[in-house]
Amino acid sequence: MIPRVKGTDDILPPESARWRALLRGFDDLAARYGYDLAVMPVLESTELFSRGVGAGTDVVEKQMYTFEDQGGRSVTLRPEFTAGIVRAYLESGGTGVMKLAAAGPQFRYEQPQKGRRRQFYQVDLECVGDPDSRADVEIIEMSHRLLTELGVPGVTLQLNSIGDAADRSQYRDLLRDYLRGVAGELSPDSRRRIDDNPLRVLDSKADAALVAAAPVPLDHLGPETAAHFAAVRAGLEEAGIAYEIAPRLVRGLDYYNRTVFEFYSTAFEAAQSALGGGGRYDPLAELVGSRVPVAGVGVALGCDRIVAAMPEPAPPRLDLFVAVATPVRSGAAGAWVRSLRASGHRVDWTGGDRSLKAQFKAADRSGAAVVAIVGDEWDAGQVRLKRLATGEEAAVDIEEVGAWLNR
Ligand code: HAM
């Protein structure tokens, strides 16, 4: 037996039913908001991430699966979607606004634990080319809607603005001065960051008590970024989405400016427990080589964590299981199964040549909501339906079965 690689998972039934509900819910949501599908490479040039995500971030410094391919190029298994999507936008000659949805595996070499995998999955939404605060609101609203529609309980949203580069240059000096004052007590990681990336010290768990009194970006926004953030907040309030201001939320990737946010749920608690996060990334396009600025805002939600927070059981896998009481009607039953599937119902059967008892066992295991028994009533144009959860039974005209299932 060759076991799976550490930090990877096989996602099989019954758990995969919740994955399917998540992926379908995401696909449907993206279509409702006008986000087109982007199918992205898993392999990208290493430079895309070192420049886009930032050479000093944990992701780039410690977590990337990077190797040289046989042509001598340094390539990396994507640790996230955003840099690749902005690259694709630029490479396609992108102008204007492109609203994209992507789903798939990401790779980060982390210490595996609950909700922290080396191969994990994200559903991702990116609105590239739109500087307006309405785009920030739309991205947050969609994330919130997806989590709510999937039944994730106790969803909370943490929101912050980290300003623009111009706001931050002054603020960074203030923060450095503060951090130098307490440097002797900071963890080695945070001490190292004072010079190259002081903002990251703000979300250091090890130094939470010390940074509680540090100056925060939100108190040092310029007038334009402050107005943008006020508009995001107003938009969220209009959409009825509650949020908490989290002044020390800065996120672990370097491309962000202005709005940043994270979602949590009471049903998922772990050392790292964000179900998803994102923000505005107006600097990213230029970081990866664009000569012109391209605004953008997006989110990635972690599927592994969402599924862990989703209620069990998943909705029934099948609308109908067809059992055949009289084997001579197997052929007719098979044709009926085919026509129900063709008209969009989720239907299964075992072929009808087993005992009725065995077929009912299979129906139970199948997770179907309803069993149809094809028996003597068939000649009168009817089948007997039984709703498994309640035991409710009825003889129903074959043409009426679709409507009965939708009740
Ligand atoms: P991120 O915060 O690095 O952001 O990841 C987003 C989500 O992916 C996390 O909140 C978490 O649910 C999940 N996640 C991250 N690492 C792991 C892991 N090792 N195991 C399981 N789940 C994980 C981004 O990736 C940005 N690209 C988000 C974004 C999109 N910003 C703008 N657009």
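Remember, it's a predicted structure, so these values are computed and weren't measured experimentally. (Residues numbered from 1 in each chain as written. Predicted model: local features only at pLDDT ≥ 70, side-chain atom pairs only at ≥ 80, totals over all residues. Heavy atoms only, no water.)

**Student:** Looking at this model, I keep getting lost on the overall build of the protein chain. Mind explaining?
**Tutor:** Helix and strand counts for the protein chain come out as 14 helices and 16 strands. C-alpha extents for the protein chain along the principal axes are approximately 85 × 55 × 45 Å. Every one of the 407 residues in the protein chain was classed for burial, and the buried ones make up 49%. The long-range share in the protein chain, meaning contacts at least 24 apart out of those at least 6 apart in sequence, stands at 69%. When the accessible area of the protein chain is evaluated, it comes to approximately 19,400 Å², of which 52% is carbon and sulfur surface. (Helix = DSSP H or I, 4+ residues; strand = E, 2+ residues; numbered from the N terminus. Buried < 20%, exposed > 50% of the residue type's maximum accessible area, 1.4 Å probe, protein only. Contact = heavy atoms within 4.5 Å. Areas by Shrake-Rupley, 256 points an atom, 1.4 Å probe, with all protein chains shown as cover.)

**Student:** Is there a simple way to explain the site of the ligand in this structure?
**Tutor:** Around the ligand sit 27 residues, and of these Glu-80, Thr-82, Glu-110, Arg-117 and Tyr-256 come closest. Here an oxygen atom of the ligand sits 3.4 Å away from a polar atom, N or O, in the main chain of Gly-302. Protein chains shield 96% of the accessible area of the ligand, which is 660 Å² for the free molecule. Mapped onto the shell around the ligand, the elements with two or more residues apiece are strand 6 (119-128), strand 10 (276-280) and strand 11 (296-302). Of the residues belonging to the shell around the ligand, the class tally is 9 nonpolar, 9 polar and 9 charged. (Near = heavy atom within 4 Å. Polar contact = N/O pair within 3.5 Å; in protein donor to acceptor, adjacent residues only side chain to side chain. Nonpolar A, V, L, I, M, F, W, Y, C, P; charged D, E, K, R; others polar.)

**Student:** What exactly am I supposed to notice about the sheet that holds strand 2 (residues 43-45) here?
**Tutor:** The pairing of strands in a sheet happens through backbone hydrogen bonds and is either parallel or antiparallel. Pairing is antiparallel in the open sheet, where 3 strands are placed in the order 2-4-3. Strands at the two margins of the open sheet, each flanked by one partner only, are strand 2 and strand 3 (65-68). The average undirected angle you get between the axes of adjacent strands in this sheet is 35°. In the sheet, strand 2 pairs with strand 4 (residues 74-77) via 3 bridges, with the strands oriented antiparallel. Bridge pairing in strand 4 links Leu-43 to Leu-77. Strands strand 2, strand 3 and strand 4 of the sheet are contacted by helix 2 (residues 46-54), whose axis makes an angle of about 70° with strand 2. (Pairing = 2+ DSSP bridges. Axes fitted to C-alpha atoms, helices over the stretch in contact; angles between N-to-C directions.)

**Student:** Explain helix 2 here, please?
**Tutor:** At 3.6 residues per turn, the α-helix brings residues three or four places apart onto the same side. The complete set of buried residues in helix 2 reads Thr-46, Leu-48, Phe-49, Gly-52, Val-53 and Gly-54. Angular distribution of buried residues about the axis of helix 2 spans 150°; they occupy a single face of the element. (Arc of directions from axis to C-beta.)

**Student:** What is the right way to read the nonpolar core from this model?
**Tutor:** Soluble globular proteins tend to bury their nonpolar side chains together. Ranked by size, the top nonpolar core spans 42 residues in total, and within it Phe-49, Val-53, Ile-85, Leu-175, Leu-179, Leu-186 and Tyr-255 carry the most contacts. Elements supplying a minimum of two residues to this core: helix 2, helix 3 (58-62), helix 4 (82-91), strand 5 (98-107), helix 6 (165-181), helix 8 (208-211) and helix 10 (284-287). Here the element with the most residues in this core is helix 4; it accounts for 4 residues. Setting aside residues no more than four positions away along its own chain, Leu-186 makes contact with Leu-179, Arg-191, Ile-194, Val-201, Asp-207 and Leu-210. (Core = buried A, V, L, I, M, F, W, Y, C linked by side-chain atoms within 4.5 Å.)

**Student:** What is the right way to read the domain arrangement of the protein chain from this model?
**Tutor:** One frequently used descriptor of interface size is the decrease in accessible area upon assembly of the parts. Under the domain assignment, the protein chain is made up of domain 1 (15-164 + 222-309) and domain 2 (318-405). In this structure, domain 1 and domain 2 have C-alpha centres spaced 44 Å apart. (Domains from an automatic or database assignment.)

**Student:** Looking at this structure, how should I read the environment of Asp-189?
**Tutor:** Note that Asp-189 resides in helix 7 (residues 188-196). Looking at Asp-189, the relative accessible area reads 35%, which means it is partly exposed. Taking the C-alpha atoms as reference, Asp-189 lies 26 Å from Phe-120; in sequence the two are 69 residues apart. Polar contacts involving the side chain of Asp-189 include one to the side chain of Arg-192, which spans 3.0 Å.

**Student:** Can you help me understand unusual backbone geometry in this one?
**Tutor:** With an omega dihedral of 5°, the bond running from Pro-13 to Pro-14 counts as a cis peptide bond. Looking at where Pro-14 falls in the secondary structure, it is placed in the segment before helix 1 (16-32). One non-glycine residue, Arg-251, lies in positive phi territory at about 70°. Within the secondary structure, Arg-251 sits in the loop between strand 8 (244-245) and strand 9 (257-265). Judged by relative accessible area, which is 13%, Arg-251 ranks as buried. With a phi close to 50°, Arg-258 is a non-glycine residue in the positive phi region. Mapped onto the secondary structure, Arg-258 falls in strand 9. For Arg-258, a relative accessible area of 10% gives the class buried.

**Student:** Is there a simple way to think about the sheet that holds strand 7 (residues 155-161) in this case?
**Tutor:** Taken in spatial order, the 8 strands make up an open sheet running 1-5-6-11-10-9-7-8, and their pairing is mixed. Either end of the sheet is taken by a strand with one partner, and the two such strands are strand 1 (36-37) and strand 8. Pairing geometry for strand 10 and strand 11, over 5 bridges, is antiparallel. For Gly-277, the partnering residue across the bridge sits in strand 11 and is Ala-300. Along the sheet, helix 1 contacts strand 5 and strand 6; its crossing angle with strand 6, the most-contacted strand, is approximately 5°.

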